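Coordinate analysis (summary)
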Amino acid sequence: MYKNGFLTLCFSFFPGAGQMYQGYMKRGLSQVILFVIPLIVGSFLFPIVMVFSGVVYMYSFFDSLNLRAQLRQGTAPPDALLLNWDGGEDLARILDRRHHLIGWALVILGVAGLYQSFVSPWLYRLVDIIGWDTALGQLVNQIVRGIPALAVGLVFIGLGVWLIRGGRRKQPAEPDYTEFKGEV
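All values reported here derive from a predicted model rather than from experimental measurement.

The subject of this paragraph is the overall build of the protein. A count of helical and extended segments in the protein gives six helices and zero strands. In the protein, the succession of α and β elements from N to C terminus is α-α-α-α-α-α. Sequence separation of at least 24 residues holds for 54% of the intrachain contacts in the protein that already meet a minimum separation of 6. Carbon and sulfur atoms make up 69% of the accessible area of the protein, which amounts to about 13,900 Å² in all.

And the structure:
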């Protein structure tokens, strides 16, 4: 059943709602959950995690419109959760292929958390001792405020350079056998 294009567009502005309007409840619910979890984690622990909600928001918007086009062409996939775990087999496959990326993401989140909960309060306390109106106090204050933006910028530059260079290049595999050349 084809849904109204204007209403599909309107619902697309809310993560998961466009998919649910078109009858894809599992897919829409997945996108709602993937949108809300980074907001909750970011508001309580690491604000930088909220960036992932923006990525999910953009994905959800375009996925809803793409899903409408697929439904009209008769090539729409079946309704399923975006992260279907299949008893852990999908998770194991993701971890096997992307373990370095996941590891770096965890390291970055850990460093961001340590900075926010430990380093930043101590540096602000130092500025309180030095005095907010002194030149040294203003310098320390600017450094404390600029470190997160500097770190995010360096990560983006590093990822950009990595992508420009072609990502991880696969090395040609050496054969793990010896060719049989006949009896000697």
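Back to the write-up after that little detour.
This part is about the packing of helix H3 (residues 25–44) against helix H4 (residues 51–73). Relative to each other, H3 and H4 sit at 165 degrees, their axes nearing to 8 Å. Regarding the angle of H3 to H4, the classification is roughly antiparallel. H4 is crossed by H3, and the crossing has left-handed handedness. Contact residues: Arg 27, Gln 31, Leu 34, Phe 35, Pro 38 and Leu 39 in H3; Phe 52, Ser 53, Val 56, Tyr 57, Tyr 59, Ser 60, Asp 63 and Leu 67 in H4. Per-class residue counts for the contact of H3 with H4 are nine nonpolar, three polar and two charged.

Moving on, we get to the packing of helix H1 (residues 5–12) against H4. Between H1 and H4, the least distance of the axes is 9 Å, while the angle of their chain directions is 160 degrees. The orientation of H1 relative to H4 falls into the category roughly antiparallel. The element H1 and its partner H4 pack so that their crossing is right-handed. Of the residues in H4, those in contact with Gly 5, Thr 8, Leu 9 and Ser 12 of H1 are Phe 61, Ser 64, Leu 65 and Arg 68.

One pass over the full model with this rule turns up four aromatic pairs. Centre to centre, the rings of Phe 61 and Phe 62 are 5.1 Å apart; their planes meet at 90 degrees, and the pair counts as edge-to-face. In this structure Phe 61 comes out as buried when scored by relative accessible area, which is 14%. The exposure class assigned to Phe 62 is exposed, which follows from its relative accessible area of 56%.

It is worth spelling out H4 at this point. In a regular helix each residue adds 1.5 Å, so 23 residues correspond to 33 Å; H4 covers 33 Å between its end C-alpha atoms and thus fits that length. All of the buried residues along H4 are Ser 53, Val 56, Ser 60, Phe 61, Asp 63, Ser 64 and Leu 67. Where H4 is buried, its residues contact H1, helix H2 (17–21) and H3. Gly 74, located one to two residues past H4, shows a positive phi value of around 80 degrees.

Scored by pLDDT, the protein comes out at a mean of 79, with 82% of its residues at no less than 70. For the protein, per-element mean pLDDT is lowest for helix H5 (residues 89–130), which scores 73, and highest for H2, which scores 92.

This paragraph deals with a nonpolar patch on the surface. Where nonpolar side chains cluster on the molecular surface, the patch consists of Phe 6, Leu 7, Leu 9, Phe 11, Phe 13 and Phe 14 and spans about 580 Å² of accessible area. By the secondary structure assignment, Phe 14 is in the loop between H1 and H2.

On inspection of all chains with the given rule, the structure shows one salt bridge. The salt bridge involving Asp 63 is made with Arg 27; its shortest N-O contact spans 2.7 Å. Within this pair, whereas Asp 63 is found in helix H4, its partner Arg 27 is found in helix H3, the two being separated by 36 residues in sequence. Both residues of the pair, Asp 63 and Arg 27, count as buried.

Reading the values: the criteria
- Residues numbered from 1 in each chain as written.
- Predicted model: local features only at pLDDT ≥ 70, side-chain atom pairs only at ≥ 80, totals over all residues.
- Heavy atoms only, no water.
- Helix = DSSP H or I, 4+ residues; strand = E, 2+ residues; numbered from the N terminus.
- Contact = heavy atoms within 4.5 Å.
- Areas by Shrake-Rupley, 256 points an atom, 1.4 Å probe, with all protein chains shown as cover.
- Axes fitted to C-alpha atoms, helices over the stretch in contact; angles between N-to-C directions.
- Parallel < 35°, antiparallel > 145°, perpendicular 65-115°, else oblique.
- Left-handed = near helix turned anticlockwise from the far one by under 90°.
- Nonpolar A, V, L, I, M, F, W, Y, C, P; charged D, E, K, R; others polar.
- Phe/Tyr/Trp six-rings, centres within 6.5 Å; stacked < 30°, edge-to-face > 60°.
- Buried < 20%, exposed > 50% of the residue type's maximum accessible area, 1.4 Å probe, protein only.
- Expected span 1.5 Å × (residues − 1).
- pLDDT = per-residue confidence, 0-100.
- Patch = residues over 30% accessible without salt bridge, like charges linked within 9 Å, V, L, I, M, F, W, Y side chains within 5 Å.
- Salt bridge = Lys/Arg side-chain N within 4 Å of Asp/Glu carboxyl O.

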